[in-house]
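Listed below, chain by chain, are the residues.
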Amino acid sequence: MTNKALSLDPDRLLPVESRTRAIARALYKEVRDLPIISPHGHTDPAWFATDAPFGNASELLLQPDHYVFRMLYSQGIALEALGIGSGGESVDPREAWGLLAANYYLFRGTPSRMWLDWVFAEVFGLDVRLTAETADLYYDTITEALARPEFRPRALFERYRIEVLTTTESPLDTLEHHQTIRDSGWRGRVLTAYRPDPVIDPEFEGFQANLDRLSELTGEDCRTWQGYLAGHRQRRAFFARMGATSTDHGHPSAATADLSPPEAEALFAVVSAGRATPAQAELFRAQMLTEMAGMSLDDGLVMQIHPGSFRNHNTSLFERFGRDKGADIPVATEYVRALQPLLSRYGNERELTIILFTLDETAYSRELAPLAGHYPALRLGPSWWFHDSPEGMRRFREQVTETAGFYNTVGFNDDTRAFLSIPARHDVARRIDCGFLARLVAEHRMEEEEAAEVAVDLAYNLPKQAYKL
Amino acid sequence: MTNKALSLDPDRLLPVESRTRAIARALYKEVRDLPIISPHGHTDPAWFATDAPFGNASELLLQPDHYVFRMLYSQGIALEALGIGSGGESVDPREAWGLLAANYYLFRGTPSRMWLDWVFAEVFGLDVRLTAETADLYYDTITEALARPEFRPRALFERYRIEVLTTTESPLDTLEHHQTIRDSGWRGRVLTAYRPDPVIDPEFEGFQANLDRLSELTGEDCRTWQGYLAGHRQRRAFFARMGATSTDHGHPSAATADLSPPEAEALFAVVSAGRATPAQAELFRAQMLTEMAGMSLDDGLVMQIHPGSFRNHNTSLFERFGRDKGADIPVATEYVRALQPLLSRYGNERELTIILFTLDETAYSRELAPLAGHYPALRLGPSWWFHDSPEGMRRFREQVTETAGFYNTVGFNDDTRAFLSIPARHDVARRIDCGFLARLVAEHRMEEEEAAEVAVDLAYNLPKQAYKL
Amino acid sequence: MTNKALSLDPDRLLPVESRTRAIARALYKEVRDLPIISPHGHTDPAWFATDAPFGNASELLLQPDHYVFRMLYSQGIALEALGIGSGGESVDPREAWGLLAANYYLFRGTPSRMWLDWVFAEVFGLDVRLTAETADLYYDTITEALARPEFRPRALFERYRIEVLTTTESPLDTLEHHQTIRDSGWRGRVLTAYRPDPVIDPEFEGFQANLDRLSELTGEDCRTWQGYLAGHRQRRAFFARMGATSTDHGHPSAATADLSPPEAEALFAVVSAGRATPAQAELFRAQMLTEMAGMSLDDGLVMQIHPGSFRNHNTSLFERFGRDKGADIPVATEYVRALQPLLSRYGNERELTIILFTLDETAYSRELAPLAGHYPALRLGPSWWFHDSPEGMRRFREQVTETAGFYNTVGFNDDTRAFLSIPARHDVARRIDCGFLARLVAEHRMEEEEAAEVAVDLAYNLPKQAYKL
């Protein structure tokens, strides 16, 4: 298949039916070239601080992307052979790339395939498909390009017309890379977000040491409840000064609690002593979501909650390779009872914004849209993670819109560390949203001019407003 | 956008693909003008008893419709500003209407928008869209029209070609309005349904006083188990004499129980003494569903069960504004184990009809269709509440039909207190069902003449038969 | 409607939109005539051993098919009147057939209707629709045909171009029919599969006697843990020698366990003594799944797990008519925590294949696709049972593919005892998969030549590889 063309059809992902497609095309034209607002992601701020060139094709596109290597792993390809983990260092990156190329058919029908094809075609100008035969051509083309100035991080950031890009850091992070960016005179807007899981989750690796580090950084005694809260307030203020407009919370469940101050203090004493049972750890995380909401009401940071992932499901893989190796698996997630303590206390606050994500699609129409269609403080994040995909986005709009409308959602965010694919991801979302809107127009459920307004809101205005950017 | 037309396209909601649309149009033509059977709803019988004119636009279309004001509330508009609750009395209804008008874009893609647009265009003849600029035009047009005889409740009932309309009353209701209607000589058929939650749910506000009131009304000692059951039987008979053909049960879960008579009596003693724990309250509700099914087998009333809503989720809002303010949120609902006690006892009875509803769509294909496709007593109610919507209806048919067929469902009911929108709601259901059937025909899964028969059954025959009307 | 044609349109089930349909037609042409791989089902090996003629129309198509009679039962037709159960023997099979015919409209929109229509038209050459008027014509045509040689089991097997057909037997089965087939010189490939539920599930009817029978058959003392495991190993080896390539496990839940050997031995002592509590029975089943996976790693048998059915829900029906009367109802099924013990132990084994099925569609995108898209040992079985249907298959592909791809699924299997409909069932799957692929092509998400390759893989190569056939 060496000579087969790699094609990115201009109508890709738009509805096929001709009247609907015509409407979708017109809508897409309105949003295609809007700047990218990327208010939630996991790129490395060091890239933009140092502006050092990216390495080779495997190092850039294969080894850090667990969407990609998990699929290869699922079909029996060892992570070591892909250059991942100890034992992987000695692997020739070209060989690793060859494994991806030879097995690229596994990605048929997946979003990874679409994102990668976009990067291959649009960024690197490749015009034949990736196969075993074209593996070296790809490897060389990409690796050579990466050495050129126009493929450095800042150049790509500008070429991609990213208006703002947010990374995610621990409260223990000194934000030195963000400081470097700010000091550099470069005009790219790269912000941080406050992700306090390492100092909030008693079950996080290193939690006890993290409390000590928080005390050191803040000068507060973070072994006392009041000192601990003050430590958070201080770091949040620091993050805000460094440009952060949001916090981000990745908890196993959506549980929240609203304990009395003495109860909270007593619970923290147990947690801080390293004696929390799993139930107490869960209750502490629950209480801390409510505390964080209270602080957000004070300091204006938008709050993001991402629950429902069973982390590191594959125990033996985790022991050998560590976190983020494709074995985080979603679980059924309950929101209605879980969020009530927090929402009863703060849900009616118009000045507060809580953006809620789910990995459990069954909650879209049953729980999330009804909650977001009622509580002033609540907005729904886009279809997330495994659902950051054409079918996933379609189901999100189909199941959410009738109850919550469009304006209780916050448009798209990419949630990625795969920097090169960011425009491809936003482009997928814009196409799918335009296709959904086009169907509403074609079925006479919305006027075309309204749909055009909504399309622009979803692609640009809503994320900008929701994240206060 | 003042001059933009308000359009109700004759093809709205029909499939876009041209062959399918042609089939759908033909099917829709068969059902479009059928009379309305509305066997389950929450309109006020006083409207038809007194035939007094409705008030102004806000009083009719905004303030009583929690679908409408919950969306405005979710975007930060205070209920008081809409004229709802204490503090709301002093609000000029025209101002409240202006808030709806200015924020009408929030309803894009929602069924409320479709229903309201139908009312605006078809009932009030408005031909421009509702916006801030047209707010006064709307308010005046609607409010003036309501003063005219042809907009009185009975006139609209006739104009809407409603063959039968069912309201819902507590066993403690004297049904005086229904008596007035019957005595009036007016030929509109307005029936009641027996909704005993206030005297069955130990956690209902005023439950203890309600038991006393039931004793007074019936002359039975409803503080004894036998007297309590006799009280129900007596009120059911009274409701049946007044035209009722059904009962309706809105429980937090679908739990049923089949206790021995001594167990049931002992449980009632605890409940009647006001000492029921939450678990005992749940068990009592569960037992009473089975008791009600037994009574239905005796007196022929069709039984409706609506489980799965977490009522009054927003505690502070409930304390200030009371029930039904848009904060009832669905929860995951289990049916298979929950219904087994009742179905094991009565599910094989061919003379019994139990119509089951859900707010949890995940049960459609997994639990409800398999149960309804087996038990002779069981039928499925239409997609309900937040799922009374185009996408909701589509998913219902797609997920239910293959296992339960069409004839274990009961067609459409509107479940609304928004009287003016009843024809719009039935029209949406007819269009969506015709669209679904048209797809089956276009995919050669059904013959067109069969589809036409099914379309008429869903729109008219099935609800009439299922509710014994 | 006597004279109405029974039509099987060549485009049935393909997408209606013309461009997509053209692509789907081309894809379908590639797979339409591929041989049938049927690696999982419940046909009776005696049919192929004795090659005796099937009986009359009712005995063949109505009485053994609980998909068919459950629908009739759900609408109030007594099982006895259909000739099922005691009291049914005296029913004239022609009368029973007449009831099916008169109520055939109930099956509109169901897969049973499609499968039956295919059998009527393609196998028996009927060209008018089944109605009360044509009941006798149908009954006579089918019953007379069955007496002819070309309608005997082996002749149909060959006419259907079945390359391999797998039945399911208990470890206690002597496989005499399979031996007869092998000895007969007939070249049809009919294999068995090892289904040990009767000797693994302590709650199975006759479990204790089954343990004794297992001891007798194997010469092992299956009242000791080691003897019991050895008994399984021996019977698995016997099944493998008789051609089996797989095992099959139908458990109430997906629970697995990984007990230490002493814990397992102690648990078996309780189970073997008939003293297991429900929780212990569940734990034993859970442990045995892991034991079976370990044995599969040794002997190479592919492992199938089918959890999530609440068996015999209708207690009174079960007491009168026994198992498999249409009252097995799916329940919500959790996989992530349930499978972790087994997957942590064996999930990374590339030589092991575990094929997982579900009756709970909500797990497709949330749990199953993420698990199968990571663990090398795990593959997803097709949409199963109530979801073995056009809409069910569509949802499976839409919800699974983006995360797990196509190659972590195993193509189609029919899971049926309704032998005559096997080609119809495979044909439905091929049409739906081609339709799904055609949409991906039409939306420019896949190239047409790739789709053709995937279509052939799904219809033929993947089941053959996954089941080692």
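Residues numbered from 1 in each chain as written. Chains lettered and ligands numbered in written order. Predicted model: local features only at pLDDT ≥ 70, side-chain atom pairs only at ≥ 80, totals over all residues. Heavy atoms only, no water.

In the nomenclature of an unreviewed UniProt entry, chain A is known as Uronate isomerase of Novosphingobium endophyticum. Listed under Sequence similarities (unreviewed entry) in UniProt, the entry text for chain A is "Belongs to the metallo-dependent hydrolases superfamily. Uronate isomerase family." (UniProt positions renumbered as here; feature names shortened; annotations may be inferred.)

1. Considerations on the overall build of chain A
A count of helical and extended segments in chain A gives 20 helices and nine strands. For chain A, the C-alpha radius of gyration of 23 Å lies close to 23 Å, the compact-globule estimate for 469 residues. Taking the principal axes of the C-alpha coordinates as reference, chain A spans close to 70 × 60 × 45 Å. Here chain A holds 469 residues, and the buried ones make up 66% of them. The contacts of chain A with a sequence gap of at least 6 include a subset with a gap of at least 24, amounting to 76%. Taking the 49 positively charged and 67 negatively charged side chains of chain A as two groups, their mean positions are separated by 3 Å. (Helix = DSSP H or I, 4+ residues; strand = E, 2+ residues; numbered from the N terminus. Rg over C-alpha atoms; globule rule 2.2 N^0.38 Å. Buried < 20%, exposed > 50% of the residue type's maximum accessible area, 1.4 Å probe, protein only. Contact = heavy atoms within 4.5 Å. Lys, Arg positive; Asp, Glu negative; His and termini not counted. Charge placed at Lys NZ, Arg CZ, Asp CG, Glu CD.)

2. A closer look at the interface of chain B and chain C
Facing the 44 residues of chain B at the interface are 54 residues of chain C. Interface area for chain B against chain C, summed over the two sides, is near 4200 Å², with a carbon-plus-sulfur share of 48%. At the boundary of chain B and chain C, one finds ten salt bridges. For the salt bridge of Arg-113 of chain C with Glu-450 of chain B, the shortest nitrogen-to-oxygen distance reads 3.0 Å. Counting across the interface, chain B meets chain C through 37 residue pairs in polar contact (both at pLDDT 80 or more). Across the side of chain B that touches chain C, the residue classes tally to 14 nonpolar, 14 polar and 16 charged. (Buried area = accessible area lost by both parts, 1.4 Å probe. Salt bridge = Lys/Arg side-chain N within 4 Å of Asp/Glu carboxyl O. Polar contact = N/O pair within 3.5 Å; in protein donor to acceptor, adjacent residues only side chain to side chain. Nonpolar A, V, L, I, M, F, W, Y, C, P; charged D, E, K, R; others polar.)

3. Things to note about unusual backbone geometry
Unusually for a residue other than glycine, Trp-385 of chain A sits at a positive phi of about 65°. Here Trp-385 of chain A is to be found in the loop between strand 9 (378–380) and helix 18 (390–404). Residue Trp-385 of chain A is classed as buried on the basis of its relative accessible area of 11%. Notably, His-444 of chain C is not glycine yet its phi reads approximately 60°, a positive angle. Along the chain, His-444 of chain C falls in the loop between helix 19 (422–442) and helix 20 (448–466).

4. Regarding the relation of the copies chain B and chain A
Mapping chain B onto chain A calls for a screw motion: a turn of 120° about the axis and a shift of 0.0 Å along it, with 0.0 Å RMSD after fitting. Both copies are brought into coincidence by an operation consistent with a three-fold rotation axis. Mapped onto chain A, only 4% of the interface residues of chain B again fall at the interface, so the copies present different surfaces. (Least-squares fit on C-alpha atoms with pLDDT ≥ 70 in both.)

5. Description of helix 4 (residues 66–74) of chain A
Residue and element names in this part refer to chain A. With nine of nine residues buried, helix 4 lies mostly within the body of the structure. Within the span of helix 4, buried status applies to His-66, Tyr-67, Val-68, Phe-69, Arg-70, Met-71, Leu-72, Tyr-73 and Ser-74. Where helix 4 begins, the capping side chain belongs to Asp-65, and its oxygen is found 3.0 Å from the backbone nitrogen of Tyr-67. Gly-76 sits one or two residues past helix 4 and shows a positive phi near 95°.

6. Considering the relation of the copies chain B and chain C
The transform that puts chain B on chain C rotates by 120° and translates by 0.0 Å along the axis, for an RMSD of 0.0 Å. By residue overlap, the copies meet through two different surfaces: only 5% of the interface positions of chain B are interface positions in chain C.

7. As for the pairing of strand 4 (residues 246–249) of chain A
Residue and element names in this part refer to chain A. Neither face of strand 4 is open: one carries Ser-246 and Asp-248, the other Thr-247 and His-249, and all of them are buried. In terms of strand pairing, strand 4 meets strand 5 (residues 302–305) through four bridges, oriented parallel. Across the sheet, the residue bridging to Ser-246 is Val-302, located in strand 5. (Pairing = 2+ DSSP bridges.)

8. A word on the confidence of the model for chain A
Taken over all residues, the pLDDT of chain A has a mean of 96, while the share at 70 or more is 99%. Under the prediction, the complex receives an ipTM of 0.97, its pTM being 0.97. (pLDDT = per-residue confidence, 0-100.)

9. Observations regarding the sheet that holds strand 8 (residues 354–356) of chain C
Residue and element names in this part refer to chain C. The strand order across the open sheet built from four strands is 4-5-8-9, with neighbouring strands paired in parallel fashion. Strands at the two margins of the open sheet, each flanked by one partner only, are strand 4 (246–249) and strand 9 (378–380). Strand-to-strand, the axes of this sheet are offset by a mean angle of 25°, without reference to chain direction. (Axes fitted to C-alpha atoms, helices over the stretch in contact; angles between N-to-C directions.)

10. Some thoughts on the interface of chain B and chain A
Each partner contributes to the interface: chain B provides 54 residues, whereas chain A provides 44 residues. With both chains or domains summed, chain B and chain A bury close to 4200 Å², and 49% of this area falls on carbon and sulfur atoms. At the boundary of chain B with chain A, the tally comes to ten salt bridges. Of the charged contacts, one joins Arg-439 of chain A and Glu-391 of chain B as a salt bridge, the two residues approaching to 3.0 Å between their closest N and O atoms. One can count 37 residue pairs in polar contact (both at pLDDT 80 or more) joining chain B with chain A. Looking at which element gives the most residues to the side of chain B that touches chain A, the answer is helix 18 (residues 390–404) of chain B, with five residues. Residues of the side of chain B that touches chain A, tallied by class, amount to 21 nonpolar, 17 polar and 16 charged.

11. Details of the packing of helix 17 (residues 363–372) of chain C against helix 18 (residues 390–404) of chain C
Residue and element names in this part refer to chain C. The geometry of helix 17 relative to helix 18 is characterised by a closest axis approach of 8 Å and an angle of 50° between their N-to-C directions. The pairing of helix 17 with helix 18 is recorded here as oblique in orientation. For the pair helix 17 and helix 18, the crossing hand works out as right-handed. For the pair helix 17 and helix 18, contact is made by Tyr-364, Ser-365, Ala-369, Pro-370 and Ala-372 and by Gly-392, Arg-395, Phe-396, Gln-399, Val-400, Thr-403 and Ala-404, respectively. Each residue belonging to the contact of helix 17 with helix 18 can be placed in one class, and the counts come to seven nonpolar, four polar and one charged. (Parallel < 35°, antiparallel > 145°, perpendicular 65-115°, else oblique. Left-handed = near helix turned anticlockwise from the far one by under 90°.)

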